[in-house]
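Residue strings, one per chain:
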Amino acid sequence: MGLNSKTKSKSKTKSQSKSQFKFKALGLVEVLIAIAVTGILMTASITVATRALMLIRGNELVDLASSILVRSLEISRSPANFNFSDQVNQGSSANFKLSSDPTTQQYSLMPAPNGPEITDCTSSTQANYLVEIGLRGSNELAANVICNQIVITDVTVSANTASRVFQVKSVVVYEYLGNISKQELISYSTEFIPV
């Protein structure tokens with residue numbers, strides 16, 4: 001019996017060492033799987049963060065374009081800044097662009113070449129309508145991507161009236177990630193002609 005007990009103890013130590021070796025190898029596999037899973041999670045989180053930042057930048061651009069659209073319409077309808085009768089002949093239309101003074105941050109309308117309504121900012125004619133932004137922190141965002149055109153049309157029905165009616169249409173076109181977007185805002189204004 002003594003001999004059998006020694007053999008049993010030797011076989012136990014051999015099997016124990018084999019199982020310990022298997023457990024050590026199993027630990028290496030677990031570490032490699034953990035590294036792979038961590039790598040996949042990091043890649044996914046970076047992708048999500050990048051897409052979120054792109055979405056935020058796109059929303060900022062849409063917000064900026066909308067504020068330019070409204071601002072240009074407000075400036076064109078302001079009687080202190082603009083007189084429709086002096087700028088637009090009866091029964092016709094004229095194009096204008098938004099301009100800003102960098103020192104005073106004041107906006108005004110400047111005559112622009114007459115032509116079709118803008119569709120993008122790439123052609124030389126439509127590049128005349130690029131907006132010079134004076135808003136804090138927005139110059140880099142709007143650089144060469146936002147165009148604004150104001151089309152003022154005399155829509156007076158009869159020449160014998162004591163007033164003239166003008167349609168004021170502000171058009172903003174901007175490009176982001178290869179997509180061209182366009183927004184329009186239309187308003188009407190009446191000027192009374194002194195008799």
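Residues numbered from 1 in each chain as written. Predicted model: local features only at pLDDT ≥ 70, side-chain atom pairs only at ≥ 80, totals over all residues. Heavy atoms only, no water.

What about the overall build of the protein chain?
In terms of helices and strands, the protein chain carries three helices and five strands. Ordered by position from N to C terminus, the α and β elements of the protein chain give α-α-β-β-α-β-β-β. Evaluated residue by residue, the protein chain yields a buried proportion of 29% over its 195 residues. In the protein chain, the proportion of contacts linking residues at least 24 apart, taken out of those at least 6 apart, comes to 58%. Total accessible area on the protein chain stands at roughly 12900 Å², and carbon and sulfur atoms take up 59% of it. (Helix = DSSP H or I, 4+ residues; strand = E, 2+ residues; numbered from the N terminus. Buried < 20%, exposed > 50% of the residue type's maximum accessible area, 1.4 Å probe, protein only. Contact = heavy atoms within 4.5 Å. Areas by Shrake-Rupley, 256 points an atom, 1.4 Å probe, with all protein chains shown as cover.)

Focus: the sheet that holds strand β2 (residues 107–111)
Strand pairing within a sheet occurs via backbone hydrogen bonds; the two strands may be parallel or antiparallel. One open sheet accounts for five strands, arranged β2-β1-β3-β4-β5; its pairing is antiparallel. The sheet is open, and its two borders are formed by β2 and β5 (179–192), each paired with just one other strand. Averaged over all pairs of adjacent strands, the angle between their axes in this sheet comes to 25°, without regard to strand direction. Two strands pair when backbone bridges link them, and strand β3 (residues 146–154) and strand β4 (residues 163–176) are joined in this way by nine bridges, in the antiparallel orientation. (Pairing = 2+ DSSP bridges. Axes fitted to C-alpha atoms, helices over the stretch in contact; angles between N-to-C directions.)

Comments concerning the side chain of Gln167
Locating Gln167 in the fold gives a position in strand β4. The class for Gln167 is buried, based on a relative accessible area of 18%. A distance of 3.3 Å separates polar atoms of two side chains, one belonging to Gln167 and the other to Tyr188. With residues near it in sequence (within four places) discarded, Gln167 still touches Val151, Ile152, Thr153, Val155, Ile186, Ser187 and Tyr188. (Polar contact = N/O pair within 3.5 Å; in protein donor to acceptor, adjacent residues only side chain to side chain.)

Comments concerning the environment of Ser78
Mapped onto the fold, Ser78 is located in the loop between α1 (2–77) and α2 (84–87). Ser78 sits in the partly exposed class, given a relative accessible area of 21%. Spatially, the C-alpha atom of Ser78 lies 9.9 Å from that of Ser189, the residues being 111 residues apart in sequence.

Overview of the confidence of the model for the protein chain
Looking at the protein chain, the pLDDT average stands at 77 and 74% of residues meet or exceed 70. Below a pLDDT of 50 lies the segment residues 134–139, which in the model reaches ten contacts outside its immediate sequence neighbourhood of four places, other chains included. (pLDDT = per-residue confidence, 0-100.)

Quick word on the pairing of β5
Pairing between β4 and β5: 14 bridges, direction antiparallel. Bridged to Val173 within β5 is Lys182. Hairpin geometry of β4 and β5 is characterised by an intervening segment of two residues between the two adjacent antiparallel strands and by a positive phi of about 55° at Leu177.

Some words on the nonpolar core
By size, the foremost hydrophobic cluster in this structure holds 23 residues, and its most contacted members are Ile68, Phe96, Ile146, Ile152 and Val172. Sorting the residues of this core by element identifies α1, β1 (93–100), β2, β3 and β4 as the ones contributing at least two each. The next biggest cluster of nonpolar side chains, apart from the first, holds seven residues, and it includes Ile118, Cys121, Cys147 and Val173. (Core = buried A, V, L, I, M, F, W, Y, C linked by side-chain atoms within 4.5 Å.)

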